[in-house]
Amino acid sequence: MRLPVQPGSAGNPTGDDSDDGTTASAEDVRLAMIAPEGACRTADLAQPRARPTVIATPGGALIIGGESSDGPVISAEFYDANTGTVEALALPSVLTQGFAGTSATRLADGRIALLGGPQTALTVFDADTRTFSAPILTEPNAFHAAMRLGDQLFVAGGCANPDGCIAGAAAVRRSTRTIAVADGTVSPRGNLATGRAA
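Residues numbered from 1 in each chain as written. Predicted model: local features only at pLDDT ≥ 70, side-chain atom pairs only at ≥ 80, totals over all residues. Heavy atoms only, no water.

## Observations regarding the side chain of Ser 75
Applied cut-off: Each helix is a run of DSSP H or I of at least 4 residues and each strand a run of E of at least 2, with the numbering of both proceeding from the N terminus. Within 3.5 Å is the distance limit for a polar contact, defined as a pair of N or O atoms, with the added protein rule that one can donate a hydrogen and the other accept it, and that residues adjacent in sequence qualify only through two side-chain atoms. In this description, contact between two residues means that some pair of their heavy atoms is separated by no more than 4.5 Å.
Note on placement: Ser 75 falls in the loop between β6 (71-72) and β7 (76-80). Here Arg 49 takes part through its side chain, which lies 2.6 Å from a polar atom of the side chain of Ser 75. Beyond its immediate stretch of four places on either side in the chain, Ser 75 contacts Gln 47, Arg 49, Ile 63, Ile 64, Gly 65, Leu 91 and Phe 99.

Pasting the structure below:
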């Protein structure tokens, strides 16, 4: 639905013309419908968790890690947007150390690359099959930043392990590198001016 905004209204307090040459009275307010309680109820997670990592996938979302009253949650679940259900996922044995400091990056084909954390491994989640690939051993990475760069991950900063970041700034990396998703090959890409961790 579109509504005109009058000069001097909350949507345009100055009454000035917009940058595109239209007058304020021709501007639009875009409205969205929200459920009365502010959210739509879906299925509960199999495990309660605070601060999990959640990343969109084709047809839903991958939910990993987080914390509970008993400590770190070492599990993963998949939310199916088509059915509104949540499914517990089987983890490769190398991922059963937890997800503290692990990055989750969506690849061009919709799969999710999980890198580092307590384990020195790269593994890829496929939402179509609800499975994780066989882990590829790589250099230690934790609390780093990662983004997709073609068929590689561009990784910046972080620590060699989760405890290293907690220990102090001296353990925080300045390095950047690319890691090939196919085989885990690491290529240095220069240093940041300042070491930093996520």
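## Quick word on the sheet that holds strand β14 (residues 145-149)
Using the following cut-off: Any two strands between which DSSP finds at least two bridges are classified as paired. Interaxial angles span 0 to 180 degrees and are taken between N-to-C directions of axes, which are lines fitted to C-alpha atoms, for helices over the stretch in contact.
Within the open sheet, the 4 strands sit side by side as β14-β15-β16-β17. Their pairing is antiparallel. A strand with exactly one partner marks an edge of an open sheet, and here the two such strands are β14 and β17 (186-191). The average angle at which neighbouring strand axes cross in this sheet is 25°, direction not considered.

## Overview of the sheet that holds strand β3 (residues 53-57)
Across the sheet, which stays open at both edges, the 4 strands sit in the order β3-β4-β7-β8 with antiparallel pairing between neighbours. Only two strands of the sheet have a single neighbouring strand rather than two, namely β3 and β8 (85-89). Taking each pair of neighbouring strands and ignoring which way they run, the sheet shows an average axis angle of 25°. Direction of pairing for β3 relative to strand β4 (residues 60-64): antiparallel, over a ladder of 5 bridges. The partner of Ile 55 across the bridge, within β4, is Leu 62.

## Details of the environment of Ser 175
Its place among the elements puts Ser 175 in strand β16 (residues 175-180). For the pair formed by Ser 175 and Asn 191, sequence separation is 16 residues and the distance between their alpha carbons is 4.3 Å. Excluding residues within four positions of it along the chain, Ser 175 makes contact with Val 155, Ala 156, Gly 157, Gly 190 and Asn 191.

## Examining the pairing of β8
Alignment of β7 against β8, held across 5 bridges, turns out to be antiparallel. Its bridge partner being in β8, Tyr 79 is matched across the sheet by Val 86. Remark: 4 residues form the turn of the hairpin made by β7 and β8, two consecutive strands paired antiparallel; Gly 84 in that turn has positive phi of roughly 70°.

## Some remarks on the nonpolar core
For clarity, the threshold we go by: To form a nonpolar core, buried Ala, Val, Leu, Ile, Met, Phe, Trp, Tyr and Cys residues must be joined to one another through side-chain atoms within 4.5 Å. Burial classes follow relative accessibility: with a 1.4 Å probe on protein chains only, a residue under 20% of its type's maximum area counts as buried, one over 50% as exposed, and anything between as partly exposed.
Residues Leu 62, Ile 64, Leu 89, Ile 112, Leu 114, Phe 125 and Phe 132 are the most contacted members of the largest nonpolar core, which totals 15 residues. Elements represented by at least two residues in this core include exactly β4, β7, β10 (112-115) and β11 (121-126). Setting aside residues up to four positions removed in sequence, Ile 64 forms contacts with Arg 49, Pro 52, Thr 53, Ser 75, Ala 76, Phe 99 and Leu 114. Membership of the second largest hydrophobic core comes to 9 residues, among which are Ala 113, Val 124, Leu 153 and Val 155.

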